[in-house]
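Structure at a glance
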Amino acid sequence: MSLKFKQFKLPLISLGLSLLFLLLGQAQVVQAAFADPGKTTNQPVPAISTNVQLQKTTTNGILHPAISASPDALENTRNELVNQAQPWQAYYAAMCQTRFASTAFAASNIQSGTFDTIKNNTFTSSGQEMALAEDGFRAYTQAVMYYMTGNAQYRANALRQIRLWEQLDPNKVTYYPDAQIHAVVPYYYLVSAAELLKYTSLTQPTYVDQATGNTVDLAWTQSDDEKLVNNFINPLMKNFMNKDNYYLNQQNYLNTGKMAGVLFKSDKQAYDDLVEVVMVNKETDKPYSNGAFAHLLYGISKDDPRNPTKQDYTQLLEMGRDQNHAKDDTLTLIGLARIINQQNTKVDPTTGQVSSAANAVDPYAFKGGSLLTGVNAFYQYNFGNYIPWTQLQDNGGSDFPAWDGNGSSKLIDFGGPIAQDSRGRINKYMNNSELYDYYRYQEGYSEAELAQKAPAMTYIAQHLSNPVFYEGTQTMNYWGAYSDNKITEIGAEYWLSMPKQRADADYGHVSNTLPTTPNRNFVKTGTILDDSLAKVQDDYVRVTAAAHQGDIHETDYAKRYPQDKTSNPGGSQIAMTGLVKNKQSAIKIRSNGEATLKLSSQNLPDKAYATIAIPNTHGQWISLLYPTQAAPETTVSPYLDFYSVIGGSNVQVDFQEYQYVSDETAVPSFTDGTAQTLNLVKGETYTAPIANDANNALSLDGTIAGSATLNGNNLTITPNKAGTESLLLLKTSNGLTATQALTLNVSDSRAAAYNAVAALKSKDTYITADQDKINQTDKAVKALLDSGSDAAFAQALSAYATAVQKGVLLNGKLSDGSLDYATDPKFVAVTTPDGKPVAGAAQNLVDNDVFTFDGNFSQPIEIFDFGTAYRLKMSKFVIQARIGFPNRVAGTNVYGSNDGKDWTLLSDQMTATENGPQTLMVKSDQQNKPFRYLKLQVDKAGADTDPAYPGVNTRGEFHIFGDRVEANANTSAQ
């Protein structure tokens with residue numbers, strides 16, 4: 001991947017981060033603080049003042065104020081704002097538009113009707129997280145605003161918020177599930193706010209609140225220090241941040257909060273110990289799920305036989321779990337590096353311990369700069385690129401043994417293939433150049449070196465989104481926006497630490513203006529995958545059609561990893577990522593010929609979830625609609641689309657932008673799908689009405705041997721040559737175009753046409769109702785083979801073809817010979833014991849994908865109801881764990897029933913704690929007996945993954961071997 005778009009894979013950028021906050025006016029008590037994301041206000045931007053001074057202090061070797069930003073960085077930021085320099089001015093102005101920067105006081109944890117009394121002095125459940133997130137981030141914003149403007153009202157507001165939390169009862173702070181994830185970053189912001197207030201000068205000693213007449217002491221007092229430490233900092237650290245063995249990103253959330261606490265207290269020993277935990281964490285008792293730099297940013301050796309590239313590279317391990325949690329890793333690791341760097345701390349390059357030795361390195365240089373290469377790999381993959389990936393669960397020999405987890409003490413849910421889940425969900429973080437800036441200006445990398453070593457990070461830095469932007473079609477503001485529903489991510493505050501060199505940099509130019517449209521331009525935010533077939537032309541990307549998907553290759557990967565002869569990524573010329581898809585999407589395109597557009601969520605052939613016909617637009621731009629939902633067995637990413645253009649070598653399609661369809665009820669569409677096959681007879685006329693709304697302009701494109709006309713909404717075709725022909729129907733309304741590809745299978749005679757359809761019938765048995773329909777329509781066609789009008793035969797043949805196409809097999813099978821019980825939604829209903837449906841369970845259990853699963857059940861039972869009309873006769877079952885969680889499938893037995901009340905044990909053994917497929921034979925005395933219901937029941941649960949969530953059970957695959965039979969008096973009685 002190179003820097004220029006024509007060779008780079010066009011990583012998206014501007015759907016940027018979602019600020020989840022709504023202006024709540026001047027109400028003193030804020031409820032449901034994060035209920036509405038992304039709103040900004042029209043507040044004026046306060047003038048910058050230099051009246052407030054930083055009181056830079058070093059205590060026990062700890063620099064203050066330097067938790068979230070160093071003193072030098074804060075001073076530089078304010079100086080740049082005084083000079084109205086960009087990009088600081090844009091970030092400042094955007095921050096000022098959020099409700100957090102309002103001078104009107106607001107707090108979540110204040111008792112109604114009081115000025116300074118805490119509402120809830122306990123911290124025992126997640127209910128307090130939202131309050132702390134609101135108050136902590138608001139206090140931090142107010143403290144920053146005070147330093148920037150000198151307005152004492154900001155300082156008064158921040159102090160009031162902090163002094164509320166000083167009133168926590170330390171004896172009423174107890175751990176609850178996931179406290180180490182969700183409470184610690186709000187804690188970080190509140191403690192950072194307190195530090196900034198502690199080490200800034202006063203512009204006046206007191207402030208009189210205009211609304212109440214109460215006076216606020218603006219000094220940070222010894223009492224403030226003691227109360228904050230004793231009632232807030234220490235109790236939360238003791239109860240929420242007291243371990244070093246949490247799973248990957250969870251440990252780094254904890255480390256972030258703990259950093260704030262130990263730095264505020266100037267506890268140098270605790271800080272030094274924590275730095276080692278962040279960098280290496282040697283003493284952890286769960287080394288495989290260690291979130292430290294040295295492990296999470298894992299170095300894959302070129303000598304590892306599992307590594308197809310034969311090159312050393314960095315693998316961000318949690319990308320094997322899902323991309324959303326891997327994103328958490330990138331944010332926390334970058335933030336922790338900044339916090340440590342701001343203390344001018346260096347570490348031993350191997351042990352990660354704080355060191356002043358000559359070979360000591362900063363966090364950015366640790367392990368050869370693995371932070372840069374690991375984070376770059378994350379973004380590169382989420383832009384749509386293929387990246388190297390080694391499956392650590394596989395056995396690589398004595399030097400590279402398999403990592404085989406047990407789901408509890410040895411949790412490894414990242415050792416298999418790289419995860420598709422959440423891929424492309426990165427639109428919130430595309431206005432931050434933090435990593436690029438540090439490596440460019442502190443580590444001394446040249447632009448060319450960064451382009452080679454970290455092309456994705458380079459591209460982001462050079463194409464930053466504005467701090468005010470769109471998330472899908474919703475307006476957003478970057479400030480505080482790195483989380484979905486509460487402040488659990490750090491990083492937005494990086495703008496306070498941008499180096500002074502950014503003022504003259506030739507990259508990272510932003511403004512505090514909202515883009516004119518939420519639509520996403522393919523040049524700015526797309527990804528070129530095959531640069532031999534996709535090129536940038538001004539403000540669009542020109543894609544040359546390929547004859548087959550197998551002819552499309554990911555060219556940059558091949559250049560970077562020439563020794564990889566086993567991976568062969570390709571199938572799509574371009575991609576668009578960072579989407580927030582509706583039911584319908586549109587792309588602005590133009591073409592010089594007809595082509596087929598295949599849409600998928602992976603850059604691999606034969607993975608399309610939709611196929612759309614591209615018309616010859618004769619060089620005119622159109623907005624072509626495509627569905628973003630597909631059949632249950634097809635995976636559709638809500639954030640990422642790959643585009644494959646298939647057609648003649650002379651066909652070129654220009655892609656200008658991805659468009660959000662604002663009024664989905666007004667879009668034109670074909671109710672019978674985007675493609676239809678018509679079975680016709682040479683010399684006979686086929687006429688059919690096309691369902692169409694009066695608002696849609698209906699047109700026909702293409703020519704055939706014979707005639708094809710559209711008269712109003714009636715399509716008439718008279719072919720005069722046997723063979724296969726194609727036509728294209730188009731509906732246009734409100735500037736949007738929908739297409740339907742018509743494939744015409746033309747036979748020489750009625751008998752040949754009938755035989756062509758009959759050949760499509762399966763040799764297997766259909767369910768009786770569908771077989772009856774096939775038989776009836778078959779009979780009707782045969783009756784017209786030698787007589788009857790063209791219209792009558794065409795109608796009968798069409799009904800026959802439809803019956804065959806929609807016929808449901810009684811025993812459809814998967815590739816392994818087990819029952820396909822998911823394709824037909826009426827085949828089975830999966831429920832919990834209390835009858836609640838388990839959405840998507842059937843599809844997830846037969847998709848041969850152990851990343852997907854039936855659900856995390858707290859009840860040990862899952863019931864499959866195959867309906868009143870059918871029974872199953874079974875010989876065996878195959879159950880496989882969700883990747884990484886063999887413990888949650890352990891101890892499972894299969895039971896059968898015909899009334900849902902009395903259950904018979906069918907399985908001859910229960911499942912063990914194993915990651916691979918496990919075969920359970922049906923007991924010999926129950927072989928091939930009919931049952932309506934199956935029950936998966938955990939009779940001897942495995943070890944818990946997390947004691948905070950006991951008894952969770954789940955499955956990745958459940959395959960049933962046997963036959964479905966139709967119920968009758970005999971089977972029903974058994």
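Each value, and the rule that gives it
Residues numbered from 1 in each chain as written. Predicted model: local features only at pLDDT ≥ 70, side-chain atom pairs only at ≥ 80, totals over all residues. Heavy atoms only, no water. Pairing = 2+ DSSP bridges. Helix = DSSP H or I, 4+ residues; strand = E, 2+ residues; numbered from the N terminus. Axes fitted to C-alpha atoms, helices over the stretch in contact; angles between N-to-C directions. Core = buried A, V, L, I, M, F, W, Y, C linked by side-chain atoms within 4.5 Å. Buried < 20%, exposed > 50% of the residue type's maximum accessible area, 1.4 Å probe, protein only. pLDDT = per-residue confidence, 0-100. Contact = heavy atoms within 4.5 Å. Parallel < 35°, antiparallel > 145°, perpendicular 65-115°, else oblique. Left-handed = near helix turned anticlockwise from the far one by under 90°. Nonpolar A, V, L, I, M, F, W, Y, C, P; charged D, E, K, R; others polar. Domains from an automatic or database assignment. Salt bridge = Lys/Arg side-chain N within 4 Å of Asp/Glu carboxyl O.

1. A closer look at the sheet that holds strand β15 (residues 595-600)
Taken in spatial order, the 5 strands line up as β10-β13-β18-β15-β16 in an open sheet, and their pairing is antiparallel. If you trace the sheet from one side to the other, it starts and ends with β10 (526-528) and β16 (608-614), each paired once. Sheet twist, expressed as the average angle between the axes of neighbouring strands with direction ignored, equals 25 degrees. By the bridge criterion, 6 bridges tie β15 to β16 in an arrangement that is antiparallel. By the bridge assignment for β16, Ser600 is matched with Ala608.

2. Comments concerning the sheet that holds strand β31 (residues 904-905)
Read across the sheet, 5 strands follow the order β27-β28-β34-β30-β31 without closing on themselves; strand pairing throughout is antiparallel. Edge strands, defined here as strands with exactly one partner in the open sheet, are β27 (829-831) and β31.

3. Focus: the nonpolar core
Taken as a class, soluble globular proteins show a tendency for nonpolar side chains to be buried jointly. With 155 residues, the main nonpolar core has Phe123, Phe232, Leu236, Leu371, Tyr379 and Trp495 as its most contacted residues. Counting 30 residues, the second largest nonpolar core, distinct from the first, contains Tyr821, Val828, Val838 and Leu906.

4. Overview of the pairing of strand β34 (residues 933-938)
Most of β34 is tucked away, with 6 of its 6 residues classed as buried. As defined by bridge partners, strand β28 (residues 861-865) adjoins β34 across 5 bridges and the pair is classed as antiparallel. Along β34, the bridge assignment pairs Phe864 with Leu934. Of the pairings in the sheet, the one linking strand β30 (residues 892-897) to β34 comprises 6 bridges and is antiparallel in character. By the bridge assignment for β34, Val894 is matched with Leu936.

5. A few points about the confidence of the model for the protein chain
Atomic detail in the predicted coordinates should be set aside for any region of low pLDDT. Residues at a pLDDT of 70 or more form 94% of the protein chain, whose mean pLDDT is 92. Of the regions scoring below 50 in pLDDT, residues 1-38 engages in 198 contacts with residues more than four places distant in sequence or in other chains.

6. Details of the packing of helix α8 (residues 249-264) against helix α11 (residues 323-342)
It is at 9 Å that the axes of α8 and α11 come closest, and there the two elements cross at 25 degrees. If you check the angle between α8 and α11, you find them roughly parallel. The element α8 and its partner α11 pack so that their crossing is left-handed. Contacts from Asn249, Asn252, Tyr253, Asn255, Thr256, Met259 and Leu263 in α8 reach His325, Asp328, Asp329, Thr332, Leu333, Leu336, Ile339 and Ile340 in α11. In the contact of α8 with α11, the residues fall into 7 nonpolar, 6 polar and 2 charged.

7. Points about the domain arrangement of the protein chain
Domain annotation for the protein chain reports domain 1 (520-660), domain 2 (749-800) and domain 3 (829-966). The C-alpha-based centres of domain 1 and domain 3 are spaced at 39 Å.

8. Looking at the pattern of salt bridges
Within this structure, the stated rule accounts for 30 salt bridges. Arg306 is the salt-bridge partner of Asp304, the closest N and O atoms lying 2.8 Å from each other. Side by side, Asp304 and Arg306 carry an identical accessibility label, which is buried. Notably, a salt bridge pairs Lys327 with Glu489, separated by 3.3 Å at the nearest N-O pair. Residue Lys327 is located in helix α11, and its partner Glu489 is located in the loop between β8 (474-477) and β9 (520-521); the two are separated by 162 residues in the primary sequence. In this structure, Lys327 and Glu489 share a single accessibility class: buried.

9. What to know about the pairing of strand β18 (residues 640-646)
For a regular strand, the rule is simple: side chains alternate between the two faces of the sheet. In terms of burial, β18 is largely enclosed, as 7 of its 7 residues are buried. Burial along β18 is two-sided: Leu640, Phe642, Ser644 and Ile646 facing one way and Asp641, Tyr643 and Val645 facing the other are all buried. Bridge analysis of strand β13 (residues 574-577) against β18 gives 4 bridges, and the strand direction is antiparallel. In the sheet register, Ala575 faces β18, and the bridge partner there is Phe642. Bridge count for β15 against β18 is 5 bridges, and the pairing is antiparallel.

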